[in-house]
Structure formats: C-alpha cells, structure tokens
Amino acid sequence: MTVVRRDAWTLASPDVWHPVIRAYALAVRVMQQRPANDPTSWRYQAAVHATAQAPDQFRNQCQHNTWFFLPWHRTYLAWFERIVRDIVATLPGVDQATKDGWALPYWDYGRSSATRALPPAFRAMTLPDGSPNPLRVPGRNPGLNTGGRLPASAASATRALRQVPFSARPAPGITAGFGGSATGANHFSESPLAAPGAVELTPHGDVHTQVGGPGGLMSAFDTAPLDPVFWLHHANIDRLWEVWRTQPQRRNPTSGAWLTTVFHFHDEQGDPVKGVADDVLNTVTDLDYRYADLSLPAGPLEATAMTPTPPDHPAELVGATDGTVELTGQRATVDFPLAAPSGPLSGDAGGIPTRVYVNVEDVRAPANPGISYAVYVNVPDDDDDPTNDAHYIGNVSFFGIELTADLDRDHPGGLRMAFDVTDLYTDLRERGLWDDRVRVTFAPLGLDAPLPDDSEEPGPDDSAHVPAETPTVQIGRVSVFYQ
Amino acid sequence: MSTATTAGWSAPSRPRRGEQLRWAHPEWGVALAAAAAWATVVVREPLLGGPTGAPHAGMAAHAGAAMPPVAPGPAVLAAVPMSAVMAAAMMLPSVLPAARAVALTSRWHRRQRALAMFTGAYLAVWTVFGVAVTAVLLLVGADAGPPWVGPVALVAAAAWELSPGKPRHLRACHRLPPSGNDGWPADLACVRAGLRHARACLGACWALMVAVLLVSTGTVLVMVVLTAVIWAEKVLAAGPRLGARAALLIVATAAVLALA
C-alpha cells in the first residue's frame, strides 16, 4: 500500500493535533523509552546519524558533502518511518485509518511566510491529554518555540532547484550540482575539493542551523535527530529531491559507484538490513510512499544561463583573500583584487569566463554558532534583503562544523562552499560594474518575528542550552574562480 | 578560434586530450619524482637481496650499497640524499591528491611553483627525520644489529597501526589549508601547508619509516608493502579504518623476512 507523506502545516489546519501528528508524538514517546542499545529506540536512531560512542557499520554513518547525501538520508528516513508505523499500529486510541495510512509528515517551510514557523504541534507544551509533548524540545533556537520564523532565504529551495546537474567530481572552485560532489562513502578523508550540493547547503544546512541555533540539538551531527522535527525537515529535503527530479533536464546519476554503494540500517524488528541508492530511486515502487505535493516553490526557477556542457578546463583562481576571515555574528566584508586569467581562458576566450564562482574555503569552528549568513557580491548598500537583492548569491551555514577540528571523528578538515555567480557576473560586466576588485559581504541571518496570530509563551528552559559565547567561524580563504 | 556559446560569452576551441590531462593534473611532476625515486631505490637494492656490504639497519645502508664501511659522520651525510630518495619513493604517491589540490587552488601561472613549495617543504621534513633516525641508529650501534631487528621493528610498526594515535594523525593528514593568493604570502602559505602536511604524515607513518631503516634484507619488498599501506591509509576514504588489515599485512611481511 502506497502511503502519502503530507505537509505538517496542511495537516495542522484546522486541527493542530491531526491524528497523524498525534500518532507521531505518541510513537516518539515510545521510542524515547526504549534502551539506547535497541536499534528501534530514539537514541539509537540518532546515533545512526552520528555518534562518538561505539560507531560501527550502522552508527555514525551520516553522509554529507557528498552525492550520497540524498540517497542515504532517504533510506534512513524510510527505515525510521517503518519503525514509527510499527509502533503506531500498536497504539491505543489511534484510529485504524491512521494506523493503516500513517506516513512521515514533512515540514514545507518554503511554502509561505507562515510555514516558516515550526508547525504548532512542535511548539505546544502538552499533548491534548495534558501530558508533556515529546515533539517540543528545549534545545532549539530561542524564539523558535514561541513562533519565530526561519529567515526566508534559509527556507528557500529556489536556488537549489535551479541546479541542473545532480553532481560533479571534486574539483577546485566549481559547485557540486544539486546533490553533492561525487565522492566515496564516508569520504571525509578523501578530497579537500569536495563540496555539498546546493540543496544540502540551503535549505538543508540553513534550517539545521536556524532551528538549532547556538548549542541546540539540530545544529550538530550527533544531536540533530533527537529533535523530532529533524525527521520532518529531512522528509522535506527528500521531497525537494523529487521536485528537482521531475523538472526538465534533471537526471539522477547512473554511475555504479553511486547506485551500488552499500549502507547498513535496521528494520522495524531491529534486524540488520542493507540498502543501496538503486533501491530507493522510485519512492512509490521501491518504498511505498509518495508526496502529496510536488509543485515548485514560488520564485525564479529557470536553469542557470550557462553553457550546456561544462568547460573542458579546470576553473582558475583569479583572486582571493590573503588571510583568514572571521565571522563573529556581525556583518563582515572582504575586498580583494581580481587578476586576468593566465590559464586556458587567457588564450582563445580572451579572458572571458563562461562560469564564475565564489568560494568560501576551509571553514572551521569549534561549534555551530547557530547563525547562517547571507552572502553578497559587490552589494552597493547595507539594506539586506536576500529575497530581493540581485547581489545576493546564497547562504553559508555550518551544520556539522563542530567535527572539522575533531581528529577522533570522521569529518576533519574545513568545509568548502561554492556559489555559481555567473548570472550576476554577466549582469555586472554588461553594466560595466565588474572591475579588477570584488567585494564579498557576509550578513548574519536571524529568526523573523512570529506572526501576530501565531505566537506562543516561552518555556522555562528554552534558552538553558545556549552557550555564553557564540563561537567564531574562521574562513581560511574567500576566492573567485573563472572557468 | 573562439566558439560563440551564450550571448556575450565565448569559449576556447576544444583542447587536445593531452592538454586537458595536463591542465587537470598539474601534479604530474610529483608523480615523475616518485617514479624516479623508485627507480633509484630498485637499482640500488635488489628485491630480497642479502647484505649490501654497507652498514645495515641505517640510512647509510641504503645510501651506499657498494661502499665499504664508513665512519658515522660521513655515513650520516651519505644518508641525506638516500633519505630524500626514500621519502620521495614512499611518501610522494600518497601526497599526490593533496599536491593536486594545492596546485589547482593556486593561481594558474604559479601552479608548479606552489607544488614545488608544498612538496619541497614536505620532503624536507621527512629527509630530516630520516637523517636523524640514521644518526641515532649509528650512535647506539643498532646499524650493525642482528637480522631479527628488522622483523621486530615491523611488528612494532604493526602495533602502532593499531594504536588510537594512528587514525588521529591520518585524519590530520587530510586537513589542507588554503594555498594563498599570489606573491610571497602564497609561497609562505604553500610552505606552511607542506610542513603541516608533513607533520601529520610523520605522526601517522613514523613507525613505518623507522622499520624500513632497520630492515637489513628485502628492503625493497618492505618498502613496496609499506608504501602500499601508506597510500591506502592516506588516500582511500576508508583509510583511517584500515589499521587492523594494515597491521596484519605488516606482520606477514615481517614473517616473510624472518623466514627468508
């Protein structure tokens, strides 16, 4: 039977405690009561994502900065969904229709201004019966549990969906398509040139960072799945993969390396199971679920106006900062000269690139500061509005950054984020505004205020987890590449 | 000849395959250096050969295959070139991905310069280490030790493979700081990156290199095995998790040497 994953905000209207949401809350409570060594428990399922405790072929397996990001998380969610459905089937007080058709809801934060707030059931202090609500956890960005909303640019998938290729080989300067660099699994020892795909950066990383905030559960690899909204967030990322796939020219990889790499999970009985990407490409025939809505989000979605095939030569560095750049929660601007290309572009092409990229390289911090930044190139003012500014090129966020300096874990080394700014470059060049210097601005993004009719009272421990000091993010280099 | 693509843009005519390879792999010179180092090693020390006539269990053994016994001072000096050759042979294959990244993220006109800075700094650290170990071995007289010293050193290296410090240093090998922008700050950045990379590799592979220096027979075989181990651990995604298998292989090599 094919079940339908539906938007939590749609389910919540008019009943905040729609039976599907309520059943999820009750199942989470059951999972939380199971011992941590039970593969169907809440804590074990979180450890599948990341943990320092007894990592094995099942635990500490999350795939990031790689083209396995989407298929691994899809498989992870599918087994989690089966565990929850198995519990829901045993719950008293849940009607049979809900038991039969229960599917993991998704949080479509990009649908409207209102849906950028957490779905109401995840903010309520209690369940309808007055018992504590397991969907509301204190380890969130202060303000989110009271109705604060994600910044619009952090919740938007429009830039990610413009990406035509799924992936790209790790290479200097260039972006990594929609789904991430073509690397091996658990690849963090493999290539310093790998980068996350556009959807992994925004909205995925931004939403993690903004929901968790400083010191919060969603901000770190080890703790993110302990927030019940993690699973709805990733269901939305999984849905966006389906939205992308159903657009013209978009194709999943056909490489055997991507299709057949094996990952290990547990089923609803706690028995080991294996999975490969090839087993999860069709959600209906492979996994028995579909999404209620695969419509495109509002916004310009035309494919990037670039040459249809990648250039035959590597991207070339034409300018960079000499030293590190620090992000401390304030607006920061770097300015550096650009030189004429001296490689292949200096010949026949007369120094004119077909693609231009801005890179933010070797990004490190001891912990996620809980802030993402909107990035602008040559912005003429400080009137920040990512949704309405032609100089806006995307966001940088820091999910998983706490592991960049941890040599006991699998993710050392700085993060690299790349942005294709070809359209902006073309526009500025045609207007004579692209010269021998470039200015890159990082503007911090905070939560938007709650809508007047959608706010809650703060909980007593909403801010207890917030560290006294916000960690400083070190950027090793900001650079511009031509290709 | 330019080919019009999108309005206002042009792209170079399609380059030849060889040119594309050269563009995409500026580290080819490092690969050649590693190959030349291996050729030197093979010529100087036949596979599973017996005593070479030079002081064994020290860098001088590899430096002077046909030399008569020499005093410690000259032996240490003689160890300098061979230490560099051994480091180039054993370590450079595993450095190729990092070297490629350094070159590709440098300004185009200074890609080879960046490679030279990075690789030079890297090899300098290993050469100094090799010479220092040789000097110590000569001082304590371990250079003329019995033939079981080599296999025992290999078993000790296998033990290091199983220690928690090994994967920590291996992971540190993969942190590659940016290679700067242009001019002397970029030179400095590349040298720093090379030194940092060497420091991490030294932490990960010092025991393997010491074992090679203590082996008196079958040096080339040992070098081949250990180079393969180093390459797999540093380059493959699963590298930091290969410790047990690497230890097994090293112990097997020690057994072959002991029985030979």
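Above this text sits the structure in question.
Assigned secondary structure in chain A consists of twelve helices and 15 strands. The C-alpha radius of gyration of chain A comes to 22 Å, within 12% of the 23 Å expected for a compact globule of 483 residues. In terms of overall dimensions, chain A has C-alpha extents of about 75 × 50 × 45 Å along its principal axes. Taking all 483 residues of chain A together, 62% fall into the buried category. Looking at chain A alone, contacts between residues at least 24 apart form 75% of all its contacts between residues at least 6 apart. When the accessible surface of chain A is split by element, carbon and sulfur atoms take 50% of a total near 16,900 Å². Looking at chain A, you have 36 positive and 58 negative side-chain charges, and the mean spots of the two groups are 4 Å apart.

Attention shifts here to the environment of Ile230(B). Residue and element names in this part refer to chain B. Here isoleucine 230 lies in helix H9 (residues 219-235). Its relative accessible area of 1% is what places isoleucine 230 among the buried residues. For the pair isoleucine 230 and alanine 158, spaced 72 residues apart in the sequence, the C-alpha separation amounts to 12 Å. Discounting chain neighbours no more than four positions away, the residues touching isoleucine 230 are Met90, Met91, Ser94, Cys205 and Leu208.

Here we come to the environment of Phe118(B). Residues and elements named next belong to chain B. Looking at the secondary structure, you find phenylalanine 118 in helix H5 (residues 111-140). When its relative accessible area of 0% is taken as the criterion, phenylalanine 118 is described as buried. Between the C-alpha atom of phenylalanine 118 and that of arginine 192, which follows or precedes it by 74 residues, the distance is 7.6 Å.

This paragraph deals with the sheet that holds strand S14 (residues 437-445) of chain A. All names here are of chain A. Read from one edge to the other, the open sheet built from four strands follows the order S9-S14-S11-S12, with strand pairing classed as antiparallel. The open sheet terminates on both sides in strands that have one partner only, identified here as strand S9 (332-337) and strand S12 (392-396). In this sheet, adjacent strand axes meet at a mean angle of 20° when their direction is disregarded.

Residues and elements named next belong to chain A. Counting buried residues in strand S13 (residues 415-420) gives six out of six residues, a clear majority hidden from the surface. Summarising the sheet, strand S10 (residues 356-364) and S13 pair through five bridges and their orientation is antiparallel. Its bridge partner being in S13, valine 363 is matched across the sheet by leucine 415.

Our focus in this paragraph is the pattern of salt bridges. Under the criterion given, the structure shown has 26 salt bridges over all chains. Asp362(A) is the salt-bridge partner of Arg364(A), the closest N and O atoms lying 3.4 Å from each other. Each member of the pair, Arg364(A) as well as Asp362(A), carries the same accessibility label: buried. Put simply, Arg22(B) and Glu19(B) hold a salt bridge, and the shortest N to O gap is 3.9 Å. On the criterion of helical spacing, the pair formed by Arg22(B) and Glu19(B) is a turn pair, its members being three residues apart in helix H1 (residues 17-24).

The rules behind the values
Residues numbered from 1 in each chain as written. Chains lettered and ligands numbered in written order. Predicted model: local features only at pLDDT ≥ 70, side-chain atom pairs only at ≥ 80, totals over all residues. Heavy atoms only, no water. Helix = DSSP H or I, 4+ residues; strand = E, 2+ residues; numbered from the N terminus. Rg over C-alpha atoms; globule rule 2.2 N^0.38 Å. Buried < 20%, exposed > 50% of the residue type's maximum accessible area, 1.4 Å probe, protein only. Contact = heavy atoms within 4.5 Å. Areas by Shrake-Rupley, 256 points an atom, 1.4 Å probe, with all protein chains shown as cover. Lys, Arg positive; Asp, Glu negative; His and termini not counted. Charge placed at Lys NZ, Arg CZ, Asp CG, Glu CD. Pairing = 2+ DSSP bridges. Axes fitted to C-alpha atoms, helices over the stretch in contact; angles between N-to-C directions. Salt bridge = Lys/Arg side-chain N within 4 Å of Asp/Glu carboxyl O.

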